[in-house]
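Report on the structure
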Amino acid sequence: MKKKAKVKILSIKKRQTKFVYQLKGKKKWFKNAGLSKAFGTGKTPKKSAKKWRIVKSERVKISGHKQTYYQVQDRKGHKAWLLKAYVVKAA
């Protein structure tokens, strides 16, 4: 059985941005800041035109590697945490 990755939150910051973003398809997303609970089915939709806003960003250390995660929110108010690379500015 695979050992669960240890997650340590280094910092969390609120973000205020007027830009809207789209998400890359079939990527892992999470419900909580500790990245332990999967959001919905556990992966982003394959194709989606939905627009999201960045609410918060956090620096996380996972198994010795530092990464940045964003909390995004859609127009209905659903929030999810994603890796920075999976969030793309909408055209």
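Reference entry: report on the structure contained in this document. Being a predicted model, the structure only gives us computed values, none of them experimental.

The rules behind the values
Residues numbered from 1 in each chain as written. Predicted model: local features only at pLDDT ≥ 70, side-chain atom pairs only at ≥ 80, totals over all residues. Heavy atoms only, no water. Pairing = 2+ DSSP bridges. Helix = DSSP H or I, 4+ residues; strand = E, 2+ residues; numbered from the N terminus. Salt bridge = Lys/Arg side-chain N within 4 Å of Asp/Glu carboxyl O. Buried < 20%, exposed > 50% of the residue type's maximum accessible area, 1.4 Å probe, protein only.

**Re the pairing of strand β6 (residues 65-73)**
- Where strand β5 (residues 53-62) lies against β6, 9 bridges are found, and the strand directions are antiparallel. For Arg59, the partnering residue across the bridge sits in β6 and is Thr68.
- Between β5 and β6, which follow one another and run antiparallel, lie 2 residues, and Ser63 among them has a positive phi close to 50 degrees.
- Direction of pairing for β6 relative to strand β7 (residues 79-83): antiparallel, over a ladder of 5 bridges. Following the sheet pairing, Gln71 is matched in β7 by Trp81.

**Here we look at the pattern of salt bridges**
- Summed over the entire model, instances satisfying the criterion amount to 1 salt bridge.
- Lys50 is the salt-bridge partner of Asp74, the closest N and O atoms lying 3.3 Å from each other. Taken together, the positions of Asp74 in the loop between β6 and β7 and Lys50 in the loop between β4 (38-43) and β5 put the pair 24 residues apart, joining distant regions of the chain.
- On the basis of relative accessibility, which here comes to 6%, the residue Asp74 falls in the buried class.
- For Lys50, a relative accessible area of 41% corresponds to the partly exposed category.

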